[in-house]
Amino acid sequence: EVIKQGVDHFKEASGLATGLEKSSIFFGNTNRRTRDLILRLTQFRQATLPVKYLGLPLITSGLTKQDCEPLIEKIMARANSWVSKSLSYACRLQLIESTLASMQVFWASTFLLPAAVIKECERTLRRFLCGGSGNSYKRSLVNWSKVCLPRQEGGLGIKSLKSWNQALLLKQNWILLNDHSLWVQWCKVNLIKKHSFWTLSSYDSLSWSWKQILLLRNAALNYLRYVCGKGDKFSLWYGPWFHGSSIYAAYGNRVIYDSGMEKSVLVHEVIVNDQCCWPSTSPELIDIQSRVKDIPITSSSDHIFWETVGSPFSIKYGVAPFLNSQAHLLPLDCNSGCSKNLG
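Presented here is a report on the structure given in the accompanying data block. (Residues numbered from 1 in each chain as written. Predicted model: local features only at pLDDT ≥ 70, side-chain atom pairs only at ≥ 80, totals over all residues. Heavy atoms only, no water.)

1. What about unusual backbone geometry?
In the Ramachandran plot, H243 falls in the positive-phi region, its phi being about 55° despite a non-glycine side chain. Structurally, H243 is set in the loop between β5 (224-227) and α12 (247-251). If you check the backbone angles, N273 has positive phi at about 55° while not being a glycine. Position of N273 relative to the elements: it lies in the loop between β6 (271-272) and β7 (275-276). (Helix = DSSP H or I, 4+ residues; strand = E, 2+ residues; numbered from the N terminus.)

What follows is the structure in structure tokens.
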């Protein structure tokens with residue numbers, strides 16, 4: 001009965017019905033008696049990891065080069081299929097930009113690809129651009145990093161796969177802060193819990209994929225634009241609505257104690273008659289009061305935008321070169337932040 005309720009709950013939450021011909025069960029640390037009972041009740045077949053889901057490896061550990069062999073082989077096969085044709089340098093460049101460099105997008109949107117995989121993929125692109133094929137080698141006259149520069153900087157505008165991979169993964173940060181999908185709700189309940197997304201530690205015993213998301217928060221801060229409305233969604237202390245940073249990052253934990261307010265409060269706790277009214281119990285709080293005067297308070301809900309106010313998430317080539325730039329970053333080693341909302 002419990003199993004049936006679980007399956008029915010999954011159908012109700014996701015809109016997906018389980019089918020005997022398509023469904024499998026994966027067991028972990030389950031004794032034989034319990035495993036046999038579940039298999040008999042559900043009539044599903046037992047499967048073992050690793051498997052593929054939507055063409056990607058479903059794994060529990062870090063992605064390896066061996067896991068990515070299908071991607072490497074696919075790019076190489078496509079490049080080799082064009083070698084026998086008489087292609088000019090300009091034609092090869094066009095094929096790389098339109099096809100070869102885009103074949104890794106699906107993988108790169110889900111995983112942080114290992115350095116060896118990116119190196120192998122770019123080696124294939126470099127050989128194809130220079131007229132080589134397969135394992136044949138033709139010396140490149142220009143360093144590949146210069147080839148990947150924008151045209152206005154003297155390059156050919158080919159996307160750097162490493163930077164493009166990081167830019168694509170930033171979408172996962174955007175979705176966690178803006179979306180309400182089943183995956184986002186699961187992450188909030190099981191991973192974020194009562195903490196703030198911005199203060200979760202990335203050094204705990206976390207899954208490999210979740211840790212990659214947390215490690216990209218600093219890069220995401222360069223492009224996120226927090227626009228405070230009536231303060232109904234942003235964490236007062238931990239959301240980066242305070243001139244691109246957070247109160248906690250700028251003033252530390254002491255200011256929270258001095259305010260006499262809880263760590264879980266939202267921005268609307270300090271809004272009175274459409275104005276911010278902070279307690280004046282410490283010099284830091286008085287300073288905050290003076291600095292928030294130029295942050296407009298409106299009757300609309302709080303919103304998060306990408307790069308410019310009013311814009312949703314968008315991946316542009318111009319994003320990639322700046323992913324490794326140094327910016328004013330939030331401290332990400334605190335586990336005490338509390339917020340169940342956007343901030």
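2. Focus on the pattern of salt bridges
Under the definition given, this model contains five salt bridges. For the salt bridge of R32 with D36, the shortest nitrogen-to-oxygen distance reads 3.8 Å. Of this pair, R32 and D36 both sit in helix α2 (residues 32-42), four residues apart, roughly one helical turn. For R32, a relative accessible area of 60% corresponds to the exposed category. The closest approach of N and O atoms between E120 and R123, which form a salt bridge, is 2.5 Å. Here R123 and E120 lie together in helix α6 (residues 115-129), a separation of three residues that amounts to about one turn. When its relative accessible area of 15% is taken as the criterion, E120 is described as buried. (Salt bridge = Lys/Arg side-chain N within 4 Å of Asp/Glu carboxyl O. Buried < 20%, exposed > 50% of the residue type's maximum accessible area, 1.4 Å probe, protein only.)

3. Some details on the packing of α6 against helix α8 (residues 161-178)
When two helices pack together, their arrangement is given by the angle between their axes and by how far apart the axes lie. Interhelical geometry of α6 versus α8 gives an angle of 125° and a closest axis separation of 10 Å. Judged on the interaxial angle alone, α8 and α6 are oblique. Across the interface between the two elements, I118, C121 and E122 from α6 touch L161, K162 and N165 from α8. Among the residues making up the contact of α6 with α8, the classes are represented as three nonpolar, one polar and two charged. (Axes fitted to C-alpha atoms, helices over the stretch in contact; angles between N-to-C directions. Parallel < 35°, antiparallel > 145°, perpendicular 65-115°, else oblique. Contact = heavy atoms within 4.5 Å. Nonpolar A, V, L, I, M, F, W, Y, C, P; charged D, E, K, R; others polar.)

4. What to know about the nonpolar core
One finds W241 and W278 to be the most contacted residues of the largest nonpolar core, which totals 46 residues. Residue-level mapping places this core at the junction of two domains, with at least three residues from each of domain 3 (166-222 + 312-323) and domain 4 (224-306). Ignoring anything within four residues of it in the chain, the contact list for W241 reads Y226, F234, S235, L236, I247, V267, W278, V292 and I295. If you look at the next biggest cluster of nonpolar residues, it comprises 31 residues, including I96, L113, V117 and W164. (Core = buried A, V, L, I, M, F, W, Y, C linked by side-chain atoms within 4.5 Å. Domains from an automatic or database assignment.)

5. Describing a nonpolar patch on the surface
There is a patch of nonpolar side chains on the surface, built from F26, L49, Y53, L54, L58 and F106 and spanning about 630 Å² of accessible area. Along the chain, the position of Y53 falls in strand β3 (residues 51-53). (Patch = residues over 30% accessible without salt bridge, like charges linked within 9 Å, V, L, I, M, F, W, Y side chains within 5 Å. Areas by Shrake-Rupley, 256 points an atom, 1.4 Å probe, with all protein chains shown as cover.)

6. Examining the pairing of β5
The side-chain alternation of β5 yields one buried face, formed by L224 and Y226, and one unburied face, formed by R225 and V227. As paired elements, β5 and strand β8 (residues 303-306) share four bridges and run antiparallel to each other. For V227, the partnering residue across the bridge sits in β8 and is H303. (Pairing = 2+ DSSP bridges.)

7. Looking at the packing of helix α4 (residues 89-98) against α6
Relative orientation of the contacting elements α4 and α6 amounts to 155°, with a least axis distance of 9 Å. Taken together, the axes of α4 and α6 lie roughly antiparallel to each other. Seen from α4, the contacting residues are Y89, R92, L93, L95 and I96; seen from α6, they are L125, F128 and L129.

8. Considerations on the side chain of R92
Summarising the element assignment, R92 is placed in helix α4. An unpaired buried charge is present at R92: no salt bridge exists, and E97, the closest side chain of opposite charge, is 13 Å distant. In this structure the side chain of R92 is engaged in a polar contact, spanning 3.0 Å, whose partner is the backbone oxygen of L129. Residues in contact with R92, not counting those within four places in the same chain, are L87, F128, L129, C130 and G131. (Lys, Arg positive; Asp, Glu negative; His and termini not counted. Polar contact = N/O pair within 3.5 Å; in protein donor to acceptor, adjacent residues only side chain to side chain.)

9. Structural notes on the side chain of E120
Here the side chain of E120 touches R123 through a polar contact of 2.5 Å, side chain to side chain. In this structure, E120 is in contact with K65, I72 and M76, ignoring residues within four places of it in sequence.

10. Comments concerning the packing of aromatic side chains
Scanning the model with the defined rule gives 13 aromatic pairs in all. Seen from their ring centres, W82 and F128 are 5.9 Å apart, and the 50° between their planes marks the pair as tilted. Of this pair, W82 sits in helix α3 (residues 69-83) while F128 is found in helix α6, placing the two residues 46 residues apart along the sequence. There is no split in this pair, since W82 and F128 are both buried. For the ring pair Y223 and W306, a centre distance of 5.4 Å and an interplane angle of 25° mean the geometry is stacked. (Phe/Tyr/Trp six-rings, centres within 6.5 Å; stacked < 30°, edge-to-face > 60°.)

11. Focus: α2
It helps to recall that an α-helix has 3.6 residues per turn; residues three or four apart then point in one direction. If you check which residues of α2 are buried, you get R35, L39 and T42. Down the axis, α2 shows its buried residues gathered within 80° of arc, on one side only. Away from the buried face of α2 by more than 90 degrees, exposed residues R33, R40 and L41 are located. For α2, the N-terminal capping position is held by N31, with its side-chain oxygen 3.3 Å away from the main-chain nitrogen of R33. Two residues or fewer past α2, Q43 is found with a positive phi of approximately 65°. (Arc of directions from axis to C-beta.)

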